[in-house]
Structures are given as structure tokens and as C-alpha cells.
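Fold and contact review
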Amino acid sequence: MTMNIRVAHLYGDLMNTYGDIGNILTLRFYAKQIGVEVTDQIVSLEDDFKADDFDFAVFGGGQDFEQMVVAKDLPNKKDEIIKFIEQNKPLIAVCGGYQMLGKYYVDASGRKLPGISAMNHYTEQQHEHRFIGNIEIQNEATGQKYHGFENHQGITFLGDDEHALGKVLKGYGNNGEDHTEGAVHKNTIGTYFHGPIMARNGNFSKQMMFEALENKYPDYDFTDLKAKVKPESY
Amino acid sequence: MTLRSELATLAGRSSYWFLHNFMGGGSSLPGKITTAIDPDVLQEIGKNYEVIIVSGTNGKTLTTALVVQVLKEKYDNIVTNKTGSNMVQGITSTFLEAKRPTKGKKGIAVLEVDEANVKPIVEKIKPKMFILTNIFRDQLDRYGEIYTTYQKILDGIKLAPDAVVLANGDEPIFHSKELPNPQVYYGFSNEPATGDMKAAPNTDGILCPVCQHLLHYHYIVYANLGDYFCPNCGFQRPDLRFKVTDVSERTPKDSKFAIDDNQYEIGVGGTYNIYNALAAYAVGREVGIQPDQIRHAFENNQRLFGRQEEINVEGKDVSIILVKNPVGTNQVIDLLATEPDSFSFVGLLNAEYADGIDTSWIWDGEFERLPDMDIKQFETGGKRYKDITFRLKVAGVPDDKHTIQPDLGQVIEDIKHMPTQKVYILATYTAMMEMRARLMKQGYIKGGK
């Protein structure tokens, strides 16, 4: 049986400011090692999004102007995105994508824009200051450390039923105050780690890939394939 | 000149003289000394010049050099900041080290100006013309988004509403705001305007500034540059006064093309360099320089291409090319695709402040095209060698053709033993500077810049 993962690159032509596509390229790199095919498709302003058409999604970060335009279109896709998330399909939302999955966010010019409330965090704005630099976090469940780069002005606070992707060891994270970074809900990860979080963190990529596969092929035993994937990190 | 300015100028000139003669340097320190004594010195000196400002994210240095070359066909003693010191102090230094213009006669200055420094410069000097190359995503950790970068330039342009804005008409952002200035556009018109396509994913600046729908294109030159139009509201590329009408040959070392149906040739590859030549042509034509004079100017351009020079290292033809953002990288990859011979590829990645401290942008480069080229060996190095190594792995570069070498000194040794005559090095800014310094020390590059 040839297995495949169908990736939706949500607004990939507008929300891809920080190498977010690296996540898809990395997924394909690891998938190829175990004979799994990865196809990807941009789902943008004038397109319909159907949860059933995809097994994995990437929602990247954008510039303020693009993010505002995407925020206006997002209600058209809201129900299907929530359906996708509730079906336990993995979704990686970076920066702007992360903010827009929450309840609301305030952009750099002070406008408060609604999110789609797929997750319960919300994002405020800090004045005249950005969180820029290398970041390192530790996932408390697995003990794994993730490396990345953050560059954001928004400060995000987690909702009651969300837990962080990791505890900040170095850098700022969600808001620079509570030492949390990112948010997890089902198999959806929101994070400020720039674009290629998967590229730089092989263990994380491996986990996301197998979540997609186990979700799509529930009767298949992935033990052997898991042993074959050697994750790389830098 | 006020006495204070006289003093400031004198101090600046003598520090330049001292540094130039005894220290072998002097690109921005005289400016620092002078501006510390009198911050208005630029205003005093600038009054004696007709000033052209070149700005944008990519292509400033070469465009500036080509404009100077073209203007030399008609004018003597053109002042320019050819060392690339493109902020206020560097530009002040540029004027200080220049010969004073003849009394009663204005000199000409062609200045490459950093995007964020356009406003502070124009506060002191009123230019006659702005040349705008493009606005691509570049070092987001420093300047932020393309819209904020463009706004920084606009804030300067607004202070000189009489100056002509000579802009790349293929760049949608340059047609997005109302300006009081006279505007002239240049661009590519070498294909029939009949297609209907969208830019590749991964391209910035593709939303209609009027109605925010996705822009379509009759054809795309590269990235988001081309003959764009909005199918929703009718917004479209402005009329071009100066046009590339044909591109007949492209190699890494040569481009043959026609502007307004006149044939030109420049001794450098890359479509982006044709844009740079087009901008210089446009300036020349605006001031009445004839097409054959411009052709003559382009023929003298060989030594201008400092960022893409060829170096002989023990018989190997080594080219070092600066890369710093996705669009630039993709253009260089496009240039490599025009190389007829087999070659070796070296990718050097640093992430110092001058490089941009975020390496995420490498994921937006089309490195996937490399495995299809006739590349015999790949080597990756620099302080962030792990990032660029994994990027090439993911792009499909086979392990058995790929060596990893963090130490740039050792990279030079390895180059001597590469299996091809030609070696292309793509390097970020500080990696390029370190390679140049090492090659100079070993005698493979002669003299300074």
C-alpha cells in the first residue's frame, strides 16, 4: 500500500513570510525516507477549504497587510478549519496563523481583529518593542528541546484549556512573562517559532508526521516505519 | 558656509586625509567626526550638488555604479559613494573626500541610500531625482515588512515633491500610493501582454493595493515583477517610458538585450542586472544622453561588478556571489542555470547582524533546482553550516557529492581540489567579506575594493 499525506498550505501565497514552506519541504523529506508521498496545495482567498481533502495543514505567518486581508476571508473557511482540527489532523500554525486561530488579536497598528476561536488563546500588542532572536524551549511531556527563531510584536496568552508547546529556556516565547511558548490543542500546534520549526527540529517533525499517518491509517502498525526515520536537528 | 560648518568640514577632510594615507581606511569615520561637530554639515556641502538618490532593497550598488558610468558620458567629476557606505555618515564622508566642485558651478552626486536613511538624507539635501529599484523582503529583523520599508522611502520622497521619481514599473508597490512628484516608470516589455498567470507561491507583494484581491500577470519577469493587473478592479501596471524590448542571450557572464529596440550588452549575468542597466539607461535618457553613448558606458562596466567577481585560485575560476534574501537567492540560482559548463557549488551561511540574524529565509530559496544542474560537488560552510547543509539535503543534493566544512579557511583549501574548473560561491555578507579577506591575504585577490 502506498500511503500519502495531503497538505493544505493555508494562504500559502500570502502567509509565508518566514520560510513557513520549510515545514512542508521537511515533511516531504522525512516522508520520502519511508516511501510516503506528500502532495501540497495552496488554499487561498478565492479557494474553498474542505477538511476531508487534506491530512495535514500549515498556516504560516504574514505581514500585517496580508494578515488583515486573510482575516477578512477566514470566516469563509472557519467551519472547515475547526472540523479539520477536531478530526485530530495535525496543523502547524506559525506567528500570524497562530494568532488567527485564537479568539482575537491586536495588530501592530492597534486594530483588534477577531480570530476564528478554534483555540482559546488571545493576542495583545506590545508597544514599540518586538521579540526578536533565537529561542530554545523544552517540551514538558517529552523532555525534548526545540530550537528556533522568533520575531513578533504580538504577545499571546493561553486559554484555560490550552497547554504550551514548551517552557522557554532562552528567548521570549508567547508573551515574555510566563515562560510559555506556543499552544497545543489536539494535534494542532500554534507557535512563534519562525517558519521552519520542523526543519530545525527533527523529533518534532517525526512526531507530527506520524500523527498525520496514524490518524489517516488507523489500522496500520507504524512501529517499523517509526524506527526507520532518523530525525535531524540543528 | 557658517564657521561651525567650515570647521566641521575641515576636521572631516583632514581625518579623511589621515585615514586614507596612514590607515588605509576612511569610509565612515570622517563623517562621524564631521557630524559630531556640526550635524548640518551635509546640508552645507549638499547645496553645491545636483543629487540623484538610488534606493530599494536590491540592486542599489550596481545601479548606482551604472548610473555614474552613463552620466560620465556627459558630465565630469561625479561624486558617488562607491564603497557602499549608504547611511548618513557614510554619505557625509563621500562628500568630504570628493573634489570641491568648481566655484559657481554645481557638481553632480549619485548616491546609493539605505532605505531607512532616505528621509534623514533628504532632510538635508533636496535631490533632483529618486531611482527606485524594487522592494523585496530583506532582513526582517532589521526593517520589518515590505510596506514599512517602502513607507520609509516615501517619507523621504515627500520632503522633495519636485524631484522626479524614476521607478521600476514592474513592481506593484511603486504604483500603490499617490505622490505629488513627477513619476516615470521603466520595465520589461519583451513578451506579448496576453497571458493570465499568478505569481509563484512564496512571492511577496501580490495583493492589489486598491481592492486587495490577488494580482494576476500578463507575464512575470521574476518574483512579483512583471506586467501585473487586477482582474477585480482594473488596477494595472502604469505606462512604461523606458522598456526592455528583447532579451536575446543570458549566461552567468553576459547579457544581451534591447531597450527601446536598441541593442545592449553587459558583461554580467542575471535578469536583475538587466533591470539595473535599464534604470541607468532611463536616467541617461532623461538627461539627454544618447543610446550609443549609453552603449559605450555599458561596455566600460567590467570593473563595476565587485559583488560578483571572478577570482583565480590555483587555476580554478571562482565566483563569489552575495546572497541575502529569497528573491536575490532565486535570481542567483536562475543565473547558475544559465551556466553552460559543469561546476562546483559552495554555500556559506552566517547569521551576524549584517547578514540578518534569522536564517529562516533559506527555506524560501529554490534550492530544489540545484540537483538538476550539472554540479559535480557541493560544499556547505560558515557559522550556520548546519542550517544550509540540511537545506541542501532537503533540496535533494545527494550525500556522496556533498561535503561539509564550517571553517572558511579550509573551504579555500577544498576549492583548490574541486573536480571542476568553475566554482560558484554563494555567501551571505559577513561570509563573503571573510572569504575575500582570506583570499586577499593569500594573494588571490589584489588590492582593496
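The sections below set out a description of the structure shown in this document. Throughout, a residue's number is its position along its own chain's written sequence, starting from 1. Whichever chain is written first becomes A and whichever ligand is written first becomes 1, with later ones labelled in order. This being a predicted model, a pLDDT of at least 70 is required before a residue's local features are given, and a value of 80 or more before pairs of side-chain atoms are given or counted; all residues contribute to the totals for chains, interfaces and linings. Calculation of side-chain values draws on the structure's entire complement of heavy atoms; hydrogens and water are dropped beforehand.

**Focus on the overall build of chain A**
- A count of helical and extended segments in chain A gives 7 helices and 14 strands.
- Over its C-alpha trace chain A gives a radius of gyration of 17 Å, about what one expects of a compact globule, namely 17 Å for 234 residues.
- Overall size of chain A, expressed as C-alpha extent along the three principal axes, is 50 × 40 × 30 Å.
- Counting all 234 residues of chain A, 61% fall into the buried class.
- Summarising the internal contacts of chain A: among those between residues at least 6 apart in sequence, 69% fall at separations of at least 24.
- Accessible surface is estimated by sampling points in the Shrake-Rupley manner with a 1.4 Å probe; for residues, cover comes only from the protein chains shown. For chain A, the exposed surface amounts to about 9,000 Å²; the carbon and sulfur share of it is 46%.
- The convention is simple: Lys and Arg are positive, Asp and Glu are negative, and His and the chain ends are not counted. For charged residues, the charge sits on one atom: NZ in Lys, CZ in Arg, CG in Asp, CD in Glu. When the 23 positive and 34 negative side-chain charges of chain A are each reduced to one mean point, those points stand 3 Å apart. Here a strand is any run of E in DSSP of at least two residues, a helix any run of H or I of at least four, and the numbering for each starts at the N terminus. Our radius of gyration looks at C-alpha atoms and nothing else; its globule reference is 2.2 Å times the residue count to the power 0.38. Throughout this description, buried means an accessible area under 20% of the type-specific maximum (1.4 Å probe, protein chains only), exposed means over 50%, and partly exposed covers the range between. Here, two residues are considered to be in contact whenever any of their heavy atoms come within 4.5 Å of each other.

**Quick notes on the packing of helix 1 (residues 21–33) of chain A against helix 6 (residues 202–216) of chain A**
All names here are of chain A.
- Relative to each other, helix 1 and helix 6 sit at 75°, their axes nearing to 10 Å. Classed by the angle they form, the pair helix 1 and helix 6 counts as roughly perpendicular. In this structure, helix 1 uses Thr-26, Leu-27, Tyr-30 and Ala-31 to contact helix 6, whose residues at the interface are Gly-202, Ser-205 and Met-209.
- Along the lines of polarity and charge, the residues of the contact of helix 1 with helix 6 split into 4 nonpolar, 3 polar and no charged. Comment: axis = line fitted to C-alpha atoms, over the contacting stretch for helices; angle = value between 0 and 180 degrees taken between N-to-C directions. Here the angle decides the label: under 35 degrees means roughly parallel, over 145 means roughly antiparallel, 65 to 115 means roughly perpendicular, and every other value means oblique. Throughout, the ten residues Ala, Val, Leu, Ile, Met, Phe, Trp, Tyr, Cys and Pro are labelled nonpolar, Asp, Glu, Lys and Arg are labelled charged, and all others, Gly among them, are labelled polar.

**Describing the interface of chain A and chain B**
- Across the contact, 35 residues belong to chain A and 31 residues belong to chain B.
- Accessible area, probed at 1.4 Å, shrinks when two parts are joined; the buried area is that loss added up over both. It is Gln63(A), Phe65(A) and Tyr234(A) that lose the most area in chain A upon contact with chain B, and together they represent 22% of the buried surface on that side.
- Any carboxyl oxygen of Asp or Glu within 4 Å of a side-chain nitrogen of Lys or Arg constitutes a salt bridge here. Counting every contact that joins chain A to chain B gives 1 salt bridge.
- Notably, a salt bridge pairs Glu232(A) with Lys393(B), separated by 2.9 Å at the nearest N-O pair.
- Think of a polar contact as two N or O atoms within 3.5 Å of one another; within protein, one of them needs to be a possible hydrogen donor and the other a possible acceptor, and neighboring residues in sequence only count if both atoms come from side chains. Counting across the interface, chain A meets chain B through 7 residue pairs in polar contact (both at pLDDT 80 or more).
- Of all the secondary structure elements, the ones that give two or more residues to the side of chain A that touches chain B are helix 1, helix 2 (64–73), strand 8 (131–138), strand 9 (145–152) and helix 5 (197–200) of chain A.
- The residue makeup of the side of chain A that touches chain B, split by class, is 16 nonpolar, 12 polar and 7 charged.

**Section: the packing of aromatic side chains**
- Any Phe, Tyr or Trp ring, taking Trp's six-membered ring, that has another such ring centre within 6.5 Å forms a pair; planes under 30 degrees apart are called stacked, those over 60 apart edge-to-face, and the others tilted. Counted under the stated rule, the structure contains 28 aromatic pairs over all chains.
- Arranged with centres 5.3 Å apart and planes meeting at 85°, the rings of Phe343(B) and Tyr424(B) form a pair that is edge-to-face. Of this pair, Phe343(B) sits in strand 14 (residues 343–348) while Tyr424(B) sits in strand 17 (residues 422–427); the two residues are 81 residues apart in sequence, bridging distant segments of the chain. Each of the two residues, Phe343(B) as well as Tyr424(B), counts as buried.
- Members of the aromatic cluster, joined through ring pairs, are Phe29(A), Tyr30(A), Tyr234(A), Trp363(B) and Phe390(B).

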